[in-house]
Amino acid sequence: MRRPRFRSLAGGAAGIAAGVIGGVVLTSVSTAGPTPVAAGPVLIDATHVPAVLTLPGEAIRLRYGLVCTPRADGLPCDGSGTVYLRAGQSGPFRAYVLQRGDESRDGRYYLDVPAEIADSRDGFSYYATLRDEATGATVSLPSGGADAPQVSLPLREPLTVELGRHLFGAVRDPDARVAEAGWGSRPDEVGLVGSRELGYSGPSSFDVEPDGTVDMLDSVNGRVMRWARGRLEYVRLAGALDLADFAAEPDGSFDVLDDAGTLRSFRADGSPRWAQKLADRTWAQLVRGPTVLQQPSEQWMPVAQDGAPLSRAGQKRGAHTAKHLANGHALLLDRVGEGELRLAELRGNASVQAWRITSETPLGEVQLAESHGNGLVVVMRAYTDERDEFVVLVLGSRGLVQRFSVASGSWTETAPLARFRLSRGRLYRLRTTQTGAFVDRFDLEVPQ
Amino acid sequence: MRAFLAMAVAGFALSGVTGAQAYHRFWANCTADSPTFMTTMTRDAAQDYANAARYEGYQWGGGCWNYDDVDSYPNDPPQETGTHGEGGDCSGLTFKTWRESTDTWRDGRYYWRALRNVHGPYDAAAFRDGNGAPNHVVAKATAGVMDAFASGTHIGMIFVRSLYGGDQIVEAKCESCGTNIFYRTYRSDSAYGGVGRWGWTG
């Protein structure tokens, strides 16, 4: 073998150096560079808290926020808008120009509803369009526009329920524990992920079927755990389940609504049936149907009809302000201010009975509102800056029938309005602790 | 020349074997530009800013994103700043949206471009406690648009109150769920406190 000459050695060393440098440079270019800074799509969004139930004589100011592509000078959008109003729920709309105010805390754009419309015995209906003058982009709110306007009714002769100051610590124990599982991934366990720094996530929702079967969405292990007639079974599901909401349909299928706004329908054996994106950007709650409370429209939107998914346009057209109740009626609900809840049960467009609930302790979200006997069950949260508990109210034609408190603490995060379900006149609660997940049952008095 | 070429090929191959490539390099596109001092800061302009960060991802310890509506590096391992992916984390998004200074004693308004990589000096717990000159604790019942709710592990800003008593919250939530507007019940959850930014001008 010939001994390498100096030129060969130098050439080889230079080659290695050149190769390494070239490789590093190319690697850097391919990974670091240039992920283009996109100009981005034109952004347009709007916010509005609807005036769903108003008191006679109450001044009604409709407020809107307009959200657009951020301006380079850091100022808010240069916007405008129009509200289309009509008395009652039929007939032509009339256009009113929104005023632009100096404050945006409650929405920069506003309209004081004219007295002749605000005082209408049949209430009024409305929608708005807002425009960003810089880009010409427009947005309608609700997203269905004239096809599915927002509805506002006067709260006439409501039954008044004064809750006073909430007494924390006097919670009711459940009447029965109907499902429980420790943390883990075995067939009889429910999954838990997370850390002390990030918080924990476990079963994000549940449902109770008419025959008493309890279904818990085991998000971490990708399955539904089913407690039926004393036996535990499970059905495997595919797809994103973290913080998803869940509903068991009467035909045995399951609906799962993920946090990215996609509703997936599964057959009873867990095989996927269809998936559909929601019409609006945000959701609050999934109920059987499937129907989803969506934002910013703040309306219930059907996501399927006769077992087939509805297009996003179809969801918008089918949106309604009132929630459909199991007794065939509908419910308008309005959480007003810090401690007031207004409710009106409707048959068609007519109010059957109404309640006005006030509390000296601030009220949070309404977790559940369903028909029960000849009245309603409402579960909402009372809170201070340090404490919180759920308050269960059974409301009847003479006012408050039953009231009790339920502990709210939970070890894991769930879908936002998935802590309670009502089935066969009984209230069920999903709760998690350091040791596992449970579904408890509370028996209720029945309003006559 | 033959030796040079042969060794160049070998060297090129070796460069791919070793650690020449960092985990992600989205941060290589980010800037270190100074913020723009501003005299105004409205809540709806803050909504614009936070809303534009939607879909841009989540990065633990991060604060840099573009506006292409795509998380360039989704589903990184959680709690690792070294992944250098796109997006802010919850406190980074709040810091930039609230136009705060990296100096905790300054309460002026500093506009940070989306691609400026800055997280700020506060974590969620510091915001919850109202630490820093620009921040303060507010009663949860009175918290309004672009105030925030913070716990020991998370912070999200109120995009708008919702009809059923919860809130639409704009937040950098997690690696798998990214940055978006979600319906949340933080207002009534005793794990969360209310926190606000001094100095809104409208």
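Residues numbered from 1 in each chain as written. Chains lettered and ligands numbered in written order. Predicted model: local features only at pLDDT ≥ 70, side-chain atom pairs only at ≥ 80, totals over all residues. Heavy atoms only, no water.

With that out of the way, let us pick up the domain arrangement of chain A. All names here are of chain A. Taken domain by domain, chain A holds domain 1 (20–153) and domain 2 (162–250 + 320–443). When each unit is reduced to the centre of its C-alpha atoms, the spacing between domain 1 and domain 2 is 31 Å. The interface is formed by 12 residues belonging to domain 1 together with 10 residues belonging to domain 2. Here domain 1 and domain 2 share an interface that buries about 870 Å² over both sides, 59% of which is from carbon and sulfur atoms. If you sort the residues of domain 1 by the area they bury against domain 2, V52, L53 and L55 come out on top, with a joint share of 57%. Summed over the shared surface of domain 1 and domain 2, the number is 1 salt bridge. A salt bridge links E58 to R342; its shortest N-O distance comes to 3.1 Å. The tally of links from domain 1 across to domain 2 stands at 6 residue pairs in polar contact (both at pLDDT 80 or more). (Domains from an automatic or database assignment. Contact = heavy atoms within 4.5 Å. Buried area = accessible area lost by both parts, 1.4 Å probe. Salt bridge = Lys/Arg side-chain N within 4 Å of Asp/Glu carboxyl O. Polar contact = N/O pair within 3.5 Å; in protein donor to acceptor, adjacent residues only side chain to side chain.)

Take unusual backbone geometry next. All names here are of chain A. P142 follows L141 through a cis peptide bond whose omega is -5°. Residue placement: P142 occurs in the loop between β9 (138–141) and β10 (150–154). Each neighbour pair has its own omega, and for Q295 with P296 the value is 10°, a cis peptide bond. Turning to its location among the elements, P296 is positioned in the loop between β25 (291–295) and β26 (299–302). (Helix = DSSP H or I, 4+ residues; strand = E, 2+ residues; numbered from the N terminus.)

Another aspect to go through is the pairing of strand β9 (residues 178–184) of chain B. All names here are of chain B. Counting buried residues along β9, 7 of its 7 residues qualify, which places the element largely inside the surrounding structure. Of the pairings in the sheet, the one linking strand β8 (residues 167–174) to β9 comprises 7 bridges and is antiparallel in character. Considered in β9, the bridge of Q168 is made with Y183. (Buried < 20%, exposed > 50% of the residue type's maximum accessible area, 1.4 Å probe, protein only. Pairing = 2+ DSSP bridges.)

What follows is about the sheet that holds strand β18 (residues 223–228) of chain A. All names here are of chain A. Taking strand neighbours across the sheet as the criterion, the 4 strands line up as β16-β17-β18-β19 in an open arrangement whose pairing is antiparallel. With one partner strand each, in any of the chains shown, β16 (205–208) and β19 (231–236) form the two edges of the open sheet. Averaged over all pairs of adjacent strands, the angle between strand axes in this sheet comes to 20°, irrespective of strand direction. Examined bridge by bridge, β16 and strand β17 (residues 214–218) share 4 bridges and lie antiparallel to one another. Counted as the bridge partner of D207 is D215 from β17. (Axes fitted to C-alpha atoms, helices over the stretch in contact; angles between N-to-C directions.)

Before going further, it helps to examine the state of the cysteines. All names here are of chain B. Within this structure, the stated rule accounts for 3 disulfides over all chains. Disulfide pairing places C30 opposite C64 at an S-S distance of 1.8 Å. Taking the torsion about the sulfur-sulfur bond, which here is approximately -95°, the covalent link between C30 and C64 counts as left-handed. Here the residue C30 occupies a position in the loop between α1 (2–17) and β1 (36–38), and C64 occupies one in strand β2 (residues 63–64), the gap between them amounting to 34 residues. Judged by its relative accessible area of 15%, C30 is buried. Sulfur-sulfur distance for the disulfide between C174 and C177 comes to 2.0 Å. (Disulfide = S-S within 2.5 Å.)

Residues and elements named next belong to chain B. Of all 8 residues in helix α3 (residues 90–97), 8 are buried; the element is thus mostly enclosed. Among the residues of α3, C90, S91, G92, L93, T94, F95, K96 and T97 are the ones counted as buried. In the stretch just after α3, R99 is the one whose phi turns positive, near 55°.

Before going further, it helps to spend a moment on empty space enclosed by the protein. Overall, the coordinates contain 5 cavities of 30 Å³ or more when judged by the stated rule. Counted as a void, the largest cavity has a volume near 100 Å³. The wall of the largest cavity is formed by 13 residues, among which D259 and W283 of chain A together with I181, F182 and Y183 of chain B lie closest to the centre. With 5 residues, the single largest contributor to the lining of the largest cavity is β9 of chain B. Looking at the lining of the largest cavity, its residues break down into 7 nonpolar, 3 polar and 3 charged. (1 Å grid on protein atoms, 1.4 Å probe; cavity = no way out; pocket = protein on both sides within 12 Å on 5 of 7 lines; lining within 4 Å. Points joined across faces, edges and corners; volume = space filled by probe spheres on them. Nonpolar A, V, L, I, M, F, W, Y, C, P; charged D, E, K, R; others polar.)

This brings us to the environment of G261 of chain A. Residue and element names in this part refer to chain A. Examined against the element boundaries, G261 turns out to sit in the loop between β21 (254–257) and β22 (262–266). According to the relative accessible area criterion, G261 is buried, its value standing at 7%. Beyond its immediate stretch of four places on either side in the chain, G261 contacts Q276, K277, L278 and W283.

We now examine the nonpolar core. Ranked by internal contacts, the top residues of the largest apolar core, which has 39 residues, are L343, I357 and L395 of chain A. Elements with a contribution of two residues or more to this core: β10, β24 (282–287), β30 (330–336), β31 (340–347), β32 (350–358), β33 (363–372), β34 (375–383) and β35 (388–396) of chain A. Not counting chain neighbours up to four residues away, the residues in contact with I357 of chain A comprise V161, L163, G339, E340, L341, L343, M380, L393 and L395 of chain A. The next biggest cluster of nonpolar side chains, apart from the first, holds 34 residues, and it includes C90, A114, F127 and V145 of chain B. (Core = buried A, V, L, I, M, F, W, Y, C linked by side-chain atoms within 4.5 Å.)

Let us look at the sheet that holds strand β12 (residues 176–183) of chain A. Pairing in this open sheet of 5 strands is mixed, and the strands run β13-β12-β39-β38-β37 (chain A) from one edge to the other. Every other strand in the sheet has two partners, leaving β13 (189–190) and β37 (420–423) of chain A as the edge strands with one partner each.

A separate point is the pairing of β19 of chain A. One face of the sheet, then the other: side chains in a regular strand alternate in exactly this way. Residue and element names in this part refer to chain A. The pairing of β18 with β19 spans 6 bridges and is antiparallel. If you follow A228 over to β19, its bridge partner there is R231. Here β18 hands over to β19 after 2 residues, with R229 in that stretch at a positive phi of 50°.

All names here are of chain A. Scanning the model with the defined rule gives 15 aromatic pairs over all chains in all. Three or more aromatic residues joined by ring pairs form one cluster here, namely Y84, F93 and Y127. For R177, the ring lying beneath its charged end belongs to F438, and the centroid distance is 3.9 Å. (Phe/Tyr/Trp six-rings, centres within 6.5 Å; stacked < 30°, edge-to-face > 60°. Lys NZ or Arg CZ within 6 Å of the ring centre and 35° of its normal.)

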